[in-house]
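# A look at the structure
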Amino acid sequence: MPKGSIGLLRSRCVNCGIRHAGDMLPPGFRSRVLLCEGDGLIVAIAQCPLATHVSVNSGTAMSFRTDAVKAYLLDLQDRICAALETEDGSACFVEDAWERPAGGGGRTRVIENGHILEKGGVNFSHVFGAGLPPSASAHRPELAGRGFEALGVSLVMHPHNPHVPTAHANVRFFIAEKEGEEPVWWFGGGFDLTPYYGVEEDCIHWHRVAEQACAPFGADVYPRYKAWCDRYFHIKHRNEPRGVGGLFFDDLNEWDFDTSFAFIRAIGDAFVEAYLPIVQRRKDTPYTPQQREFQEFRRGRYVEFNLVYDRGTLFGLQSGGRTESILMSLPPQVRWGYDWKAEPGSEEARLTEYFLQDRDWLAEAGE
């Protein structure tokens, strides 16, 4: 396409970032044509109804928003799976599409027995029902009895090598509705890292990416959601953190919808940037059977947190979700031993003595 020409071959929403192929924009979209800069790719930019003041009722407006969130989450699942498959170089994700009898469904993608990944899953779900389950309304009792719609992508990666940390991420969107009242919506999510043999470089990198993702939304966002992550991923009955933290947030609607949606996109898009460099640095580190055994003991702590405290797990089970998809997060090989403790002064003991201490990694690195 010659430079300076005009075309309508592909459009992209400037708010939700979703590309819409073809000569026609979806209904309700308006466009402003840009001159092609010579690459022949994106030649028009569209603005979707999310940022326009359209004359529709609140239910229709929320439908527009839900569709945009769903499109982003499906695309995020695709991109993360592609990046992890490429890095693993051996195994591929297997997809299991499912429907929920009470309403909704999803697509579960699982990778197993790869070169790097022993087991991992990247799940998308979109479910709805007549009433919020107790795990969702316990801290917001005013929402009890409302119908709900919940969309999200959740992932967990369990590598073979104990020098490669386990990683978790989640981004989600909830709407609670009641006849005659305005819908109540909010976002939640974050990502956190669980090493077995900690390395300061990796912890600093993980938190640096998290801070950079939060920075456009305010200087206080990273410190608040980092501290929330430390509180949330705390195994109370063990009195220790699950890992070295990251970000956690819930009930996010303090900003307008567009800003809130932009924020969860920033967090979702940051996961690969945060995790893959750590995988690349540690995947070829030699390890012993004893180190593998230690990894399995520590994986037990991961299982304990997920089954006892995790909101997503409890929400899924209480709302009649798909059990196989919900428990996808559990590692394949785990070990418990009565009154098991790491040897004092060992590399294994240093995990809890130094790394699992809710540290301010960026401040300690002088950042």
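Per chain, residues are indexed from 1 in the order of the written sequence. Per-residue local features of the predicted model are confined to residues with pLDDT of at least 70, and side-chain atom pairs are confined, for both listing and counting, to 80 or more; whole-chain, interface and lining totals are unaffected and use all residues. Values shown for side chains rest on all heavy atoms present in the structure; no hydrogens or waters enter the calculation.

### Quick notes on the pairing of strand E9 (residues 166-177)
The buried fraction of E9 is high, at 11 of 12 residues. The criterion for strand pairing is that DSSP finds at least two bridges linking the strands in question. Here a helix means four or more residues in a row that DSSP labels H or I, a strand means two or more in a row labelled E, and each is numbered from the N terminus. Pairing of strand E8 (residues 147-159) with E9, which is carried by 11 bridges, proceeds in the antiparallel orientation. The residue bridging glycine 147 from the neighbouring strand is glutamate 177, located in E9. Taken together, E8 and the strand that follows it, E9, pair antiparallel across an intervening segment of six residues. Between E9 and the antiparallel strand that follows it, strand E10 (residues 184-194), lie six residues; glycine 180 among them carries a positive phi value of about 85°. Burial here depends on accessible area, computed with a 1.4 Å probe over protein chains only, as a share of the maximum for the residue type. Under 20% is buried, over 50% is exposed, and the range in between is partly exposed.

### Some remarks on the nonpolar core
Counting 65 residues, the largest nonpolar core has Phe191 and Tyr275 as the members making the most contacts within it. The biggest single contributor to this core is helix H5 (residues 257-282), with 12 residues. Contacts were defined at the residue level, with two residues in contact if any of their heavy atoms lie within 4.5 Å. Apart from residues lying up to four places away in sequence, tyrosine 275 is in contact with Leu84, Met157, Pro159, Val164, Pro165, Thr166, Ala167, Leu193 and Trp206. Residue types Ala, Val, Leu, Ile, Met, Phe, Trp, Tyr and Cys, when buried and joined through side-chain atoms within 4.5 Å, form a set referred to as a nonpolar core. Counting 10 residues, the second-largest nonpolar core is a separate cluster that includes Leu143, Phe148, Val184 and Trp186.

### Description of the packing of helix H3 (residues 200-214) against helix H4 (residues 221-232)
Where H3 meets H4, the axes come as close as 8 Å, and the angle between the chain directions of the two elements is 130°. In terms of orientation, H3 lies oblique with respect to H4. Crossing of H3 over H4 shows right-handed handedness. On H4, the residues touching His207, Ala210, Glu211 and Cys214 of H3 are Val221, Tyr222 and Lys226. For this classification, Asp, Glu, Lys and Arg are treated as charged, while Ala, Val, Leu, Ile, Met, Phe, Trp, Tyr, Cys and Pro are nonpolar and the rest, including Gly, are polar. When grouped by side-chain class, the residues that make up the contact of H3 with H4 number four nonpolar, one polar and two charged. Note on geometry: axes are C-alpha line fits, over the in-contact stretch for helices, and angles between N-to-C directions span 0 to 180 degrees. Angle categories: roughly parallel below 35 degrees, roughly antiparallel above 145, roughly perpendicular from 65 to 115, and oblique for all the rest. By convention the crossing between two helices is left-handed if the near helix lies anticlockwise of the far one by an angle smaller than a right angle, and right-handed if it lies clockwise.

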